[in-house]
Amino acid sequence: MCDETTTGSSEVRHARGGAEGGAGSESPLQARAAFLTNWDWESVERHNRGVCERGGAQHGENPESHAGVAADWQKRFQVETFTLAETLDFLRYCHRSAPFLFYNGNTFADIGRTFSDFLFAELPTSRRRNATSTVAHYIAGVLDRESMGRILESLCRAAEHSPGDKVRTLKGSLRGVILEVLEDGRVKWRAETGSIFMGLPESLLPDD
């Protein structure tokens, strides 16, 4: 597993300023930190070995790409800071280069989840989970860059709604409009299906 330290976690937390919500705020992808400071190549190797053991697969090196990815990683590890976008692009490259025999996607997506959980720590729990899942899906090749950025920016917006605002659920399965903001902070909204729902504002995203 990774060698997590207090120093490394603190450095990631300092980058959250770019991830905090509000219209016009800087994109979370521009947050800058030493995201890989706790992950030298040996720790990446150990993590893949652990993932393989849990999955019942053989841990081993891909002779066609392992040396090149390891060298690229060590160069990246020695540089102090990168933006979140640059770091996620690099992890996606590592996954696609497949330096290990098995579970490359899991290995590099797990690394992305680890520092993203610190980066988005001030978001409500449901949004933080969706943000870290979005990061992992991008690294694994499930999402393209534009979709990832749009989702992260939506998740980081302040959860403030007014009557008439168009909204959608976090997973996008329902869309509708805000009817009323209650005194206790909950919102009443009507889905396109006609159903009326009550919930916390953090459970809804703006539907632009």
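An account of the accompanying structure is given in this report.

What counts, and at which threshold
- Residues numbered from 1 in each chain as written.
- Predicted model: local features only at pLDDT ≥ 70, side-chain atom pairs only at ≥ 80, totals over all residues.
- Heavy atoms only, no water.
- Pairing = 2+ DSSP bridges.
- Helix = DSSP H or I, 4+ residues; strand = E, 2+ residues; numbered from the N terminus.
- Axes fitted to C-alpha atoms, helices over the stretch in contact; angles between N-to-C directions.
- Buried < 20%, exposed > 50% of the residue type's maximum accessible area, 1.4 Å probe, protein only.
- Phe/Tyr/Trp six-rings, centres within 6.5 Å; stacked < 30°, edge-to-face > 60°.
- 1 Å grid on protein atoms, 1.4 Å probe; cavity = no way out; pocket = protein on both sides within 12 Å on 5 of 7 lines; lining within 4 Å.
- Points joined across faces, edges and corners; volume = space filled by probe spheres on them.
- Nonpolar A, V, L, I, M, F, W, Y, C, P; charged D, E, K, R; others polar.

## Some thoughts on the sheet that holds strand β5 (residues 187-191)
So, point 1. Spatial strand order, β6-β5-β4-β3-β7: 5 strands in an open sheet with antiparallel pairing. Lying at the two open borders of the sheet, with one neighbouring strand each, are β6 (196-199) and β7 (204-206). Taken pair by pair, the neighbouring strands of this sheet meet at an average axis angle of 45 degrees, ignoring direction.
So, point 2. Sheet topology note: the β5/β6 ladder contains 4 bridges and is antiparallel. Counterpart to Lys 188 in the pairing with β6 is Met 198.

## Concerning unusual backbone geometry
So, point 1. Positive phi values are uncommon outside glycine, yet Ala 98 reaches one of about 50 degrees.
So, point 2. The topology assignment puts Ala 98 in the loop between α4 (84-97) and α5 (104-119).
So, point 3. For Ala 98, a relative accessible area of 22% corresponds to the partly exposed category.
So, point 4. Despite not being glycine, Tyr 103 shows a phi value in the positive range, around 60 degrees.

## Overview of the packing of aromatic side chains
So, point 1. According to the stated counting rule, one finds 8 aromatic pairs in the structure shown.
So, point 2. Arranged with centres 5.6 Å apart and planes meeting at 10 degrees, the rings of Trp 41 and Phe 100 form a pair that is stacked. Here the residue Trp 41 occupies a position in helix α2 (residues 41-55), and Phe 100 occupies one in the loop between α4 and α5, the gap between them amounting to 59 residues.
So, point 3. For the pair Trp 73 and Phe 90, a centre-to-centre distance of 5.5 Å together with 40 degrees between the ring planes defines the contact as tilted. Of this pair, Trp 73 sits in helix α3 (residues 66-78) while Phe 90 sits in helix α4, and the two are 17 residues apart along the sequence. Across this residue pair, the class does not change: Trp 73 and Phe 90 are buried.
So, point 4. Clustering of aromatic rings is evident, with ring pairs tying together Trp 41, Trp 73, Phe 90, Tyr 93, Phe 100 and Phe 108.

## Describing the layout of surface pockets
So, point 1. Counted as a void, the largest pocket has a volume near 190 Å³.
So, point 2. Lining the largest pocket, in full, are Asn 130, Ser 133, Thr 134, His 137, Leu 143, Ile 151, Leu 155, Arg 168, Leu 170, Lys 171 and Leu 205.
So, point 3. When contributions to the lining of the largest pocket are tallied by element, the ones reaching two or more residues are α6 (125-139) and α7 (145-156).
So, point 4. Ranked by the residues each element gives to the lining of the largest pocket, the list is headed by α6, at 4 residues.
So, point 5. Grouping the amino acids of the lining of the largest pocket by side-chain chemistry returns 5 nonpolar, 4 polar and 2 charged.

## Focus: the pairing of strand β4 (residues 175-181)
So, point 1. Direction of pairing for strand β3 (residues 166-169) relative to β4: antiparallel, over a ladder of 3 bridges. Within β4, the residue paired with Val 167 across the bridge is Gly 176.
So, point 2. Remark: 5 residues form the turn of the hairpin made by β3 and β4, two consecutive strands paired antiparallel; Gly 172 in that turn has positive phi of roughly 75 degrees.
So, point 3. In this structure, β4 lies alongside β5, joined through 5 bridges in antiparallel fashion. Across the sheet, the residue bridging to Val 181 is Val 187, located in β5.

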